[in-house]
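The lines below spell out each chain.
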Amino acid sequence: MSDNQGDNHPNILRGVELERLIDMSLGQLVIMVLNAYEENTLLVDPFSKEELTAKQLLAKSIQVAKWLRAHNISVGDSVSVNSENRIEFAITSVATLLAGATCAPLNPDYTPAELKHVMSLSKPKIVFCSESTIGKLVAIKQNHPYLRSLVQFGPNRPSLPEVIALDDIIQDVEEVDDSYQPPELDIKETVATILCSSGTTGLPKGVMCTHDNMGAFIDVGRSQLADLTYAEDPSDAMMGLTPFFHSFGFMVMFLNIIRGKKLVVIRKFNIKLFLDAIVKYKIRRLMVPPPVLIILLKNPLVRKYDLSGLLEIRSGAAALGKDMERELKQRFKIKTVSQSYGMTETTLGVLMNVHGDKLGSVGKIVAGMMVKVVNDEGVPLGPYQEGEVCFKGPLIMKGYVGNQQATAETIDKDGWLHTGDVAYYDDEQFFFIVDRLKELIKYKGFQVAPAEIESLLLTHPSIRDAAVVGLPDEDAGELPLAFVVKREGKEASEEEVKKFVADTLSHQKQLRGGVIFLNEIPRNPTGKILRRILRERAKGLVTVKSKL
C-alpha cells in the first residue's frame, strides 16, 4: 500500500515559496561578493594572529585557481584539503570553486586505512595539507595513482622535495586579477563539493552537492535568516569552530564568506581561546554542535567572562535537549536558542527553528522544500504520528559518488530522500526528532557507523562476533561501546580490543564506552543484530554507574 496522490497528498508539508536569485556558479558568485565586500575583514586566526580581507582572500584564491588550471584542474576534477581549520583552508576551497573543480575535504584525523577508502571516492588530483597531515599523505601517495601533487600550508618550508609550499604559489599576491573568469559550467549538474557522510553500511560515502544545491541554500538563508545574512554591520563576527571538513563546518565557513562578515577560525578547541575570542571579536551568534554548549554550561572558567554580547545560539549536527535549550536561555539571558535538522545529503539544515519558538523542536520545513513523515508502507502521516521523515526539493544532493546502489536506496524514484530518522510534527508543523532508524552513533556531533567498527573487530584473531552501539553520555552524546564474543580457546582483554581499534580508526571511533564480553550477540532469525536489546543493556550500565 502506498499513497497514490503523489506530491499533492494533504500530509505533505511545504515551505514557503523560495525566490531563487542565484543562477550562477559558486565561482562567479564568489568573485561578485568579494569584490563588493573588498575591505571587510573576513577571516581571523586568533592562534596565528593572521587576518584576511575580502580583497586579499579573492586575490590569493584567484592565484591558486590559476595554478590549479595551469595544472589542468577544472570541471570534473576533485581537489582535497586535509587540514585542521585554518585561513588557508578557506583560500584553497574558494580557489577550487573558482577553478570549476570539486572541493572534497578530508578529515585530518583519518588514518591511512580510512584515507584509502574516502580518497578512492573523490579521487583528488591535488591535496592541500597542513604540517600535521603532510607526512601521512606523502606515505600513501604512491597508492593513489590519480593524485598528482601535494601542497603544504604554513610558513615552514616543506622538508620533502616532492611537496609544494602554498606560499610559493601565492607569494606576495595582494592585487586581484580582474581578468580572471571561472569556467562555464552547468550549475544543476556540476558537483561543487563531495563531503563525507556515514551510512548504515559502515564506510563513509561521498555526498555530491551541486553548485545549484549550495546556491539554493544561500537563497534559503537570505529568505529565512535575513538578520543573520544581511545585517549591515560588517563586524558581526561568527565562530569557525566546527571542523571545516564536516558539512556543518564547511557550510558555516563558506556562507560566512558569502555574507561578507568576519569568521574567527579556531584550529583546535581550547576553552580559554574560545572564550577570549567571543569577547575580543564581539561574537554575537554561535553556530556550534551541542558538546560545545555543554562546555559553556559546565566549565567553571566560563563564569569569569562577560558573555552578555551573545544574542543567539544555534545548534546543529546532533540533538540538543530542550532542558539544555532552557538552561542556555536562562544562563546567558538569550532570547534565541534554537536547533536545526539537516544532513550532509540535504546540503545543510532543512528543518529550522528560526526564532527558537518551541523548545525541543528542530523547527519547520525551510523555504522551497517539501517534507513528509511516512509509515512502513510509505503513506504520509498526520500530526503527532511518528514515522520516517523524508525530504524533496532543491537542497537534495545529486547522489553518492560512485555508488548508484546507495543513491537509489536513499533517494526514491519520485525524488524523495529517506533520512532513516523517526520524527513527528505538531499542529503548527513544528518537527521533533524521536529516534534513528539508521544505526549511527553520534559522538560529539560526529557520525560513527557501528558497521565500520564491527567489520574491523571481526578481523581480530580472538574475536568471533561483535556488535557496536552508542552508550548514552551527557557530555559527548554517545560513546561507541563494543559487545564482543571471543573465539573458543582464545583470549582478549578490554584494553587489547580498545587498542586494536585505536590503532586503525580515527579518534571519534574509539571504544570510549568500553568493551563487554558476551557468549552470543543477540540476532533475529535473518541474522540482523538486535541493537535495541544491546542499547537497553548499555543504558543499564549508565544507570548502574550513576548510582555508584
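Residues numbered from 1 in each chain as written. Predicted model: local features only at pLDDT ≥ 70, side-chain atom pairs only at ≥ 80, totals over all residues. Heavy atoms only, no water.

1. So, the overall build of the protein chain
Piece 1. In terms of regular secondary structure, the protein chain is built from 16 helices and 27 strands.
Piece 2. Against the compact-globule benchmark of 24 Å for 548 residues, the protein chain has a radius of gyration of 23 Å, which places it among compact chains.
Piece 3. Taken along the three principal axes of its C-alpha coordinates, the protein chain extends 65 × 55 × 55 Å.
Piece 4. For the protein chain, with 548 residues in total, the buried portion stands at 59%.
Piece 5. Residue pairs in contact within the protein chain that sit at least 24 positions apart in sequence constitute 68% of those at least 6 positions apart.
Piece 6. When the accessible area of the protein chain is evaluated, it comes to approximately 23100 Å², of which 51% is carbon and sulfur surface.
Piece 7. For the protein chain, the distance from the average position of its 65 positive side-chain charges to the average position of its 69 negative side-chain charges is 4 Å. (Helix = DSSP H or I, 4+ residues; strand = E, 2+ residues; numbered from the N terminus. Rg over C-alpha atoms; globule rule 2.2 N^0.38 Å. Buried < 20%, exposed > 50% of the residue type's maximum accessible area, 1.4 Å probe, protein only. Contact = heavy atoms within 4.5 Å. Areas by Shrake-Rupley, 256 points an atom, 1.4 Å probe, with all protein chains shown as cover. Lys, Arg positive; Asp, Glu negative; His and termini not counted. Charge placed at Lys NZ, Arg CZ, Asp CG, Glu CD.)

2. Description of the nonpolar core
Piece 1. Phe128 and Phe391 are the most contacted members of the largest nonpolar core, which totals 96 residues.
Piece 2. It is helix α2 (residues 54-70) that provides the largest number of residues to this core, a total of 9 residues. (Core = buried A, V, L, I, M, F, W, Y, C linked by side-chain atoms within 4.5 Å.)

3. Let's talk about the pattern of salt bridges
Piece 1. Counted under the stated rule, the structure contains 30 salt bridges.
Piece 2. Ionic pairing is found between Asp45 and Arg267, a salt bridge with its closest N-O pair at 2.9 Å. Here Asp45, found in the loop between β2 (41-44) and β3 (51-53), pairs with Arg267, found in the loop between β12 (263-265) and α10 (271-280); they are 222 residues apart in sequence, far enough to count as distant.
Piece 3. Judged by its relative accessible area of 1%, Asp45 is buried. (Salt bridge = Lys/Arg side-chain N within 4 Å of Asp/Glu carboxyl O.)

4. Focus: the pairing of strand β14 (residues 312-315)
Piece 1. A two-sided burial pattern is seen for β14, the buried positions comprising Glu312 and Arg314 on one face and Ile313 and Ser315 on the other.
Piece 2. Across 4 bridges, the pairing between strand β13 (residues 285-288) and β14 is parallel. Its bridge partner being in β14, Met287 is matched across the sheet by Arg314.
Piece 3. With respect to chirality, the unit in which β13 leads through helix α11 (residues 290-298) into the neighbouring parallel β14 is right-handed.
Piece 4. Sheet topology note: the β14/strand β15 (residues 336-342) ladder contains 4 bridges and is parallel. If you follow Ser315 over to β15, its bridge partner there is Gln339.
Piece 5. Between β14 and its parallel partner β15, the chain crosses via helix α12 (residues 322-332), and the hand of that crossover is right-handed. (Pairing = 2+ DSSP bridges. Right-handed = clockwise from strand over helix to strand, strands pointing away.)

5. What about unusual backbone geometry?
Piece 1. Positive phi values are uncommon outside glycine, yet Lys123 reaches one of about 50°.
Piece 2. Considering the arrangement of structural elements, one finds Lys123 in the loop between α4 (112-122) and β6 (124-129).
Piece 3. Overall, Lys123 belongs to the partly exposed group, its relative accessible area being 43%.
Piece 4. We note that Lys282 has phi near 50°; this positive angle belongs to a residue other than glycine.

6. So, the environment of Asp77
Piece 1. Along the chain, Asp77 falls in the loop between α2 and β4 (78-82).
Piece 2. You can call Asp77 buried: its relative accessible area is 11%.
Piece 3. Considering only alpha carbons, one finds Asp77 and Ile516, 439 residues apart in sequence, at a separation of 45 Å.
Piece 4. The contact partners of Asp77, leaving out residues within four places of it in the chain, are Asn72, Ala101, Thr102 and Lys125.
Piece 5. There is a polar contact of 3.0 Å between the side chain of Asp77 and the backbone nitrogen of Ser74.
Piece 6. Polar contacts involving the side chain of Asp77 include one to the side chain of Lys125, which spans 2.7 Å. (Polar contact = N/O pair within 3.5 Å; in protein donor to acceptor, adjacent residues only side chain to side chain.)

7. Side note on the layout of surface pockets
Piece 1. A volume near 810 Å³ is recorded for the second largest pocket.
Piece 2. If you trace the second largest pocket, you find 27 residues lining it, with Pro243, Lys268, Phe269, Phe446 and His507 closest to the centre.
Piece 3. In terms of residue count, the dominant contributor to the lining of the second largest pocket is α11 (3 residues). (1 Å grid on protein atoms, 1.4 Å probe; cavity = no way out; pocket = protein on both sides within 12 Å on 5 of 7 lines; lining within 4 Å. Points joined across faces, edges and corners; volume = space filled by probe spheres on them.)

8. A short note on the packing of helix α3 (residues 87-98) against helix α9 (residues 247-259)
Piece 1. Where α3 meets α9, the axes come as close as 11 Å, and the angle between the chain directions of the two elements is 75°. Here α9 runs roughly perpendicular to α3, going by the angle between their axes. Residues Phe89, Ala90, Ser93, Val94 and Leu97 of α3 form the contact with α9, whose own contacting residues are Phe250, Met253, Phe254 and Ile257.
Piece 2. Considering only residue class, the contact of α3 with α9 consists of 8 nonpolar, 1 polar and no charged. (Axes fitted to C-alpha atoms, helices over the stretch in contact; angles between N-to-C directions. Parallel < 35°, antiparallel > 145°, perpendicular 65-115°, else oblique. Nonpolar A, V, L, I, M, F, W, Y, C, P; charged D, E, K, R; others polar.)

9. Concerning α11
Piece 1. When you tally the buried positions in α11, you get 7 out of 9 residues, the bulk of the element.
Piece 2. Within the span of α11, buried status applies to Pro290, Pro291, Val292, Leu293, Ile294, Leu296 and Leu297.
Piece 3. Check the buried side of α11 and you find it contacts α10, β13, β14 and α12.

10. Focus on the confidence of the model for the protein chain
Piece 1. Per-chain confidence: the protein chain averages 90 in pLDDT, with 94% of residues scoring 70 or above.
Piece 2. Note on residues 544-548: pLDDT is under 50 here. Beyond four places in sequence and across chains, it has 0 contacts. (pLDDT = per-residue confidence, 0-100.)

11. Observations concerning the packing of aromatic side chains
Piece 1. Inspection of every chain in the model, using the stated rule, returns 8 aromatic pairs.
Piece 2. Both rings, one in Phe89 and one in Phe244, keep their centres 5.5 Å apart while their planes meet at 80°; by these two values the pair is edge-to-face. With a gap of 155 residues between them, Phe89 in helix α3 and Phe244 in the loop between β11 (238-240) and α9 connect regions that are remote in the sequence.
Piece 3. By relative accessible area, Phe244 is classed as buried at 1%.
Piece 4. Each member of the aromatic cluster is reached from another via a ring pair, and the members are Tyr384, Tyr424 and Phe432.
Piece 5. When the ring centre of Tyr400 is taken as reference, the NZ or CZ atom of Lys205 above it lies at 5.0 Å.
Piece 6. Stacked on the ring of Phe517, the Lys or Arg Lys486 has its end atom at 4.6 Å from the ring centre. (Phe/Tyr/Trp six-rings, centres within 6.5 Å; stacked < 30°, edge-to-face > 60°. Lys NZ or Arg CZ within 6 Å of the ring centre and 35° of its normal.)

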